[in-house]
Amino acid sequence: PLAMARVASVAVNDGYMTKTRFLMDEEVERVKIVDKARADVLNEYMKYTSQGHDKFTRKDVGGKTGTPERWVENSAGKMVTANDGWYICFFEDAAVGRVNDGERIEERSNIAVAVRMERTYDGTSSMATNLLKEVVVKTLEELGYIEKK
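**A short note on the pattern of salt bridges**
Next, step 1: Throughout the structure, instances matching the rule amount to twelve salt bridges.
Next, step 2: For Asp 60, the salt bridge is made with Arg 58, and the minimal N-O distance between the two is 2.8 Å.
Next, step 3: Look at Arg 58 and you get buried, because its relative accessible area is 4%.
Next, step 4: Within this structure, Arg 70, Asp 84, Arg 116 and Glu 118 form a network of salt bridges that share partners.

So this is what it looks like as structure tokens:
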């Protein structure tokens, strides 16, 4: 999921992918993945998908579903396929903060999120999409990262 959130971030960060960092005081490193024009097309596509197929009413979110398939052993010991549900997305202009010398500094930034639901029984990513809308978005709103819409 962390790697997939980084993939979503390319669309909202002008084609750059931020390398994973685990401490906020680490230097932010970015890698150019695509040029800005392609990133802008991806950004618009992900927003269009979110507001159409995924029925988001927010204009600051863009996302993409996915249903990776993998082999698992069932209770009878037989190998069968199972689908996981994914939803990767970005939120534009989120309120993020950091602490510098004991002082909290508020900044605006884009954030990326990935939700993965293992073995979705309906075989689709709708469970992951609904979890994002019903839990993750509300949590981000309550914590002040994104505005309530």
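**Structural notes on the side chain of Glu 141**
Next, step 1: Mapped onto the secondary structure, Glu 141 falls in helix H3 (residues 126-142).
Next, step 2: The buried category is assigned to Glu 141, whose relative accessible area is 17%.
Next, step 3: Not counting the four nearest positions on each side in its chain, Glu 141 is found in contact with Arg 58, Ile 146, Glu 147, Lys 148 and Lys 149.

**Examining the pairing of strand E5 (residues 79-83)**
Next, step 1: Where strand E4 (residues 69-73) and E5 come together, five bridges link them in antiparallel fashion. Within E5, the position partnered with Trp 71 by the bridge is Thr 81.
Next, step 2: Linking E4 to E5, which pair antiparallel, is a turn of five residues; within it Gly 77 sits at a positive phi near 85 degrees.

**Remarks on the packing of aromatic side chains**
Next, step 1: Here the structure, examined in full by the defined rule, presents one aromatic pair.
Next, step 2: Above the face of the Tyr 16 ring, Arg 30 is positioned so that its terminal group lies 4.1 Å from the ring centre.
Next, step 3: Across the ring face of Phe 56, the terminal group of Lys 133 is positioned such that the distance to the ring centre comes to 5.4 Å.

**What to know about the packing of helix H1 (residues 2-12) against helix H2 (residues 36-51)**
Next, step 1: Relative to each other, H1 and H2 sit at 110 degrees, their axes nearing to 6 Å. Between H1 and H2, the angle is such that the two are roughly perpendicular. Of H2, the residues touching H1 (which contributes Ala 8, Val 10, Ala 11 and Val 12) are Ala 39, Leu 42, Asn 43 and Met 46.
Next, step 2: Class assignment of the residues belonging to the contact of H1 with H2 gives a composition of seven nonpolar, one polar and no charged.

The rules behind the values
- Throughout, a residue's number is its position along its own chain's written sequence, starting from 1.
- The predicted origin of the model limits local features to residues at a pLDDT of at least 70 and limits the giving and counting of side-chain atom pairs to 80 or more, whereas totals for whole chains, interfaces and linings rest on all residues.
- To obtain the side-chain values, all non-hydrogen atoms of the structure were used and water was disregarded.
- Every case where a carboxyl oxygen of Asp or Glu lies within 4 Å of a side-chain nitrogen of Lys or Arg is listed as a salt bridge.
- Exposure is judged per residue with a 1.4 Å probe applied to protein chains only, and the accessible area is read against the type maximum: over 50% gives exposed, under 20% gives buried, and values in between give partly exposed.
- A helix here means a DSSP run of H or I that spans at least four residues, while a strand means a run of E at least two residues long, and both kinds are numbered starting from the N terminus.
- Between two residues, a contact is recorded if the distance between any of their heavy atoms is within 4.5 Å.
- Pairing between strands requires that DSSP locate at least two bridges from one strand to the other.
- For this analysis, a ring pair means two rings from Phe, Tyr or Trp (six-membered ring only for Trp) whose centres lie within 6.5 Å, classed as stacked if their planes differ by under 30 degrees, edge-to-face if by over 60, and tilted for the remaining angles.
- A positively charged side chain is recorded as over a ring if its NZ (Lys) or CZ (Arg) lies within 6 Å of the ring centre. The angle to the ring normal must also be within 35 degrees.
- Lines fitted to C-alpha atoms define the axes, with helix axes restricted to the stretch in contact, and inter-axis angles between N-to-C directions lie between 0 and 180 degrees.
- Throughout this description, any angle smaller than 35 degrees is read as roughly parallel, any larger than 145 degrees as roughly antiparallel, any in the 65 to 115 degree range as roughly perpendicular, and the remainder as oblique.
- In the scheme used here, Gly and all other residues not listed as nonpolar or charged are polar, with Ala, Val, Leu, Ile, Met, Phe, Trp, Tyr, Cys and Pro taken as nonpolar and Asp, Glu, Lys and Arg as charged.

In short, geometric facts, not functional conclusions.
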